[in-house]
Structure formats: C-alpha cells, structure tokens
Protein chains: 2
Amino acid sequence: MDDTTARHTEKMRRIKAARDEMMKTKTEEKGLIIVNTGKGKGKSSAGFGMIMRCIAHQMPCAVVQFIKGARATGEATFLRERFVDECRLFVTGEGFTWETQDRDRDIAAAQNGWEIAKAQILDPDIQFVLLDEINIALRNDYLDIDEVVDFLLTQKPHMTHVCLTGRNAKPELIEAADLVTEMTLLKHPFRDGVKAQKGVEF
Amino acid sequence: MDDTTARHTEKMRRIKAARDEMMKTKTEEKGLIIVNTGKGKGKSSAGFGMIMRCIAHQMPCAVVQFIKGARATGEATFLRERFVDECRLFVTGEGFTWETQDRDRDIAAAQNGWEIAKAQILDPDIQFVLLDEINIALRNDYLDIDEVVDFLLTQKPHMTHVCLTGRNAKPELIEAADLVTEMTLLKHPFRDGVKAQKGVEF
C-alpha cells in the first residue's frame, strides 16, 4: 500500500468512526412532517419517489393530489393501474387555477381534498401520506394554514409520515416541519424553447 | 358575480393567456441532461419519481446506481421485484466509500458503472437513464469529468434523457446540463436525534 492509499484508508476510517458515533445518537423513530418546496423541479417527483419506497417496504400509503387533477400525470396513472392495493390515490384538484378561472370552485375542491387528507392521516392503516401541491392551495388561502398546521402537530398519529409539496410553502408550515427541502432552479430548458416532456415533467 | 370574484377571474384569464402564449414557443422536444444536486433530500427520489413516470408512459428506462450498492434501497427492491421488464437496474457501487475504505476498489466499481451507463445511454431502446449518485464518483475523481461531459454532449442520442444525481455536481456538468436543480436543506431531523427511516430515507 503506497502513501496516498494509506492516507486515504486512514481518512476514510476516521470518517466512518465519526459517522458511526454520530448515528448511534440517532435512535428515535417518529413520523415526520416533510416539506418539499422551492421553484426548482423535483418537489412532487421526490414525494412520489418516497411513495415508491413505501410500496417497496410494504408500508400502506396514500396520495392526495390537490391541484393537478386536470392533467393526467404519469404518477397518477402508474398508481391507479399498478398499485391500487398498496397506495390509495385521491385526485381532488381540478387543474391549476389559471385553467379553471373559478375561485369558488378551487376553494371547494381544496377543502374537499383537505377533508380526505385528514381522514387518510388519521387512518391507523396508513403510514405515509403525500399531500401533493397542497402548498399552492395554502398559498392561495383556499385552506387555512393555522388549521392545517394545528392538525399536523396535534392530531397526526406519532408514527405517520406526511409529506407536503408545492412551491411557496408558508413559514408556519416550515416552522412546524421536521424535514424541509427547498428545490432551487439553477437551469431550466423552457428558457431555450424546449417544451414539457413526458417522463420528465409529467 | 361580485367584484372580487370578477377581478380574480380576469386576473386568471390574463395569466392563462400569457402562459398559453409562452408555451406556444416551447415546441422543441429533445432528450435532456438533467442534474439533481445539493445537500438537501430528494435528489435520488426525484430521479426515481421520473423513472415512475417513464414506466407509466411505457418509456423503457434504466437505472445505474453508482454508490448505494451496499445498502438495499427500497427503490432498487421495488424495481427488481416489480418492473424487471420496464426498467433495467444495475447496482454497481459497493457502498459509500467510508464503508469500503478501499480507493482502488471504489475506482474499479465506478469505472464499471460508467461502462454500463454508456451502453445503456447508447441503446436505442432506452429513453431515460438515471445515473444515481454518479456525482459522488465524479467528485472523488473515480471518473474523469471531461470524459463524462464529452460523452453526454457528443454521443448521447438526441431524444434520450439522462439524469445525474448526487451532491457536489461539478461545474463542468452543470454547464453542460439542460435542467439543473439544487436541493437545499432547510431542516433535517437528524439534528434532533431522529434516525434514518424506511420509506423516507431508503
């Protein structure tokens, strides 16, 4: 073993020891409030990636889509056709609000979605609930942020994970959450005239 | 219709018109070089969310995992058990390097992964390739960044999407990419002593 390799091995050994020590203190298991926000891509797809993990681990889960109802997304089709037993899917939105142009209908759809969301979160059979694009409904004040945060903090079962996605997450929600990721856009092909494409965007 | 509702309807109509106009210019379809980087969560899970979309749209796809081989991840199990026909899965890494403590073996594993990756990208049957955690291999100089970028820019078939994940994406890769998202950590439960949990982290 030459010097460089020996130094590398020793450095990696120290990192592993430090990491093992750190991870020993990570003993708590609890259901998390997870927020994926920001203007970048991947907020919903990361949520659906966690749904994929749940299905793999046989953890019953549910998805409530708040806004995307008007467009058939790949992930909704996928869950409906292939995983109807493993993951409950509720499509409650009627499309982005600039498509519907009807605020009262948007509010009613969001409220309906929230009632479904609460029932799924409270259901003891369900271990993970994805509230896809709920931040849009909160941002537009279709739902009351205080009610949502209060419910998550006081009524969510201890071991249930809830993931809330959408840009412009409200500060109250970020404050209440355990795990918050902001997806930041560094570069986007729309700028160069490339349209939304299946597999990538929907 | 009262005044507020009328104003809302008019505003939404204007936004929809502007958006429709903007989207008309987005006519190009092309395979994208997509990068998910940053210290936050969701880089891999957003990649796997896109795989889910591809499977839903019957787009044949492939995943090459560069680093996570040592741990059975939910998404690998999921793909292997359920989607062996729709998505090819190659687990080439032997775990994070602080686990292996053997630089030569890490380099050999990464090089092997890259050979597989090139073959999948060049395969005309495959429309989307996820190179999971390849940024770690690039960052550690297990792979040559110039070779990887040159291959993506000159040999990737025009319509094939390639998604590269992992923190610390090299500037050369970001420069070459069409779509770059940085996942930023705003809050993480490890800080509070909560351990990695299935469904969420793996």
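The structure this text deals with has already been given above.
This report concerns the structure included in the present document. (Residues numbered from 1 in each chain as written. Chains lettered and ligands numbered in written order. Predicted model: local features only at pLDDT ≥ 70, side-chain atom pairs only at ≥ 80, totals over all residues. Heavy atoms only, no water.)

Here we take up the relation of the copies chain A and chain B. When chain A is brought onto chain B, the operation consists of a screw motion whose angular component is 180° and whose axial shift is 0.0 Å, with 0.0 Å RMSD remaining. The relationship between the two copies is best expressed as a two-fold rotation axis. Residue A:Ala46, judged by its C-alpha, is the member of chain A lying nearest the rotation axis, at 1.9 Å. (Least-squares fit on C-alpha atoms with pLDDT ≥ 70 in both.)

Residue and element names in this part refer to chain A. In this structure, glutamine 65 sits in strand E2 (residues 61-65). With a relative accessible area of 1%, glutamine 65 lands in the buried category. Here the side chain of glutamine 65 touches aspartate 132 through a polar contact of 3.4 Å, side chain to side chain. With residues near it in sequence (within four places) discarded, glutamine 65 still touches Phe48, Thr73, Glu75, Ala76, Leu89, Phe90, Val91, Thr92, Gly93 and Asp132. (Helix = DSSP H or I, 4+ residues; strand = E, 2+ residues; numbered from the N terminus. Buried < 20%, exposed > 50% of the residue type's maximum accessible area, 1.4 Å probe, protein only. Polar contact = N/O pair within 3.5 Å; in protein donor to acceptor, adjacent residues only side chain to side chain. Contact = heavy atoms within 4.5 Å.)

Let us now look at the sheet that holds strand E2 (residues 61-65) of chain B. Here we have 12 strands laid out as an open sheet, ordered E3(A)-E2(A)-E4(A)-E5(A)-E1(A)-E6(A)-E6(B)-E1(B)-E5(B)-E4(B)-E2(B)-E3(B), and mixed in their pairing. Edge positions in the sheet fall to strand E3 (87-91) of chain A together with strand E3 (87-91) of chain B, since each of these pairs with one other strand and no more. If you compare each strand with its neighbour and ignore which way they point, the axes differ by 15° on average. Looking at chain direction, strand E4 (residues 128-132) of chain B and strand E5 (residues 161-165) of chain B are connected through four bridges and run parallel. Note on E5(B): the bridge partner recorded for B:Phe128 is B:His161. Packed onto the sheet, helix H5 (residues 103-122) of chain B meets E2, E3, E4 and E5 of chain B and runs at close to 165° relative to E4(B). (Pairing = 2+ DSSP bridges. Axes fitted to C-alpha atoms, helices over the stretch in contact; angles between N-to-C directions.)

Residue-level contacts link 75 residues of chain A with 75 residues of chain B. Buried area between chain A and chain B, summed over both chains or domains, comes out near 7200 Å², and the portion from carbon and sulfur atoms is 61%. Here chain A and chain B share four salt bridges between them. At the junction of chain A and chain B, the tally comes to 11 residue pairs in polar contact (both at pLDDT 80 or more). Residue assignment for the side of chain A that touches chain B shows that the elements contributing at least two residues are helix H1 (3-24), helix H2 (43-56), helix H3 (74-82), helix H4 (97-100), helix H8 (171-176) and strand E6 (179-187) of chain A. (Buried area = accessible area lost by both parts, 1.4 Å probe. Salt bridge = Lys/Arg side-chain N within 4 Å of Asp/Glu carboxyl O.)

Nothing here speaks to function; it is geometry throughout.
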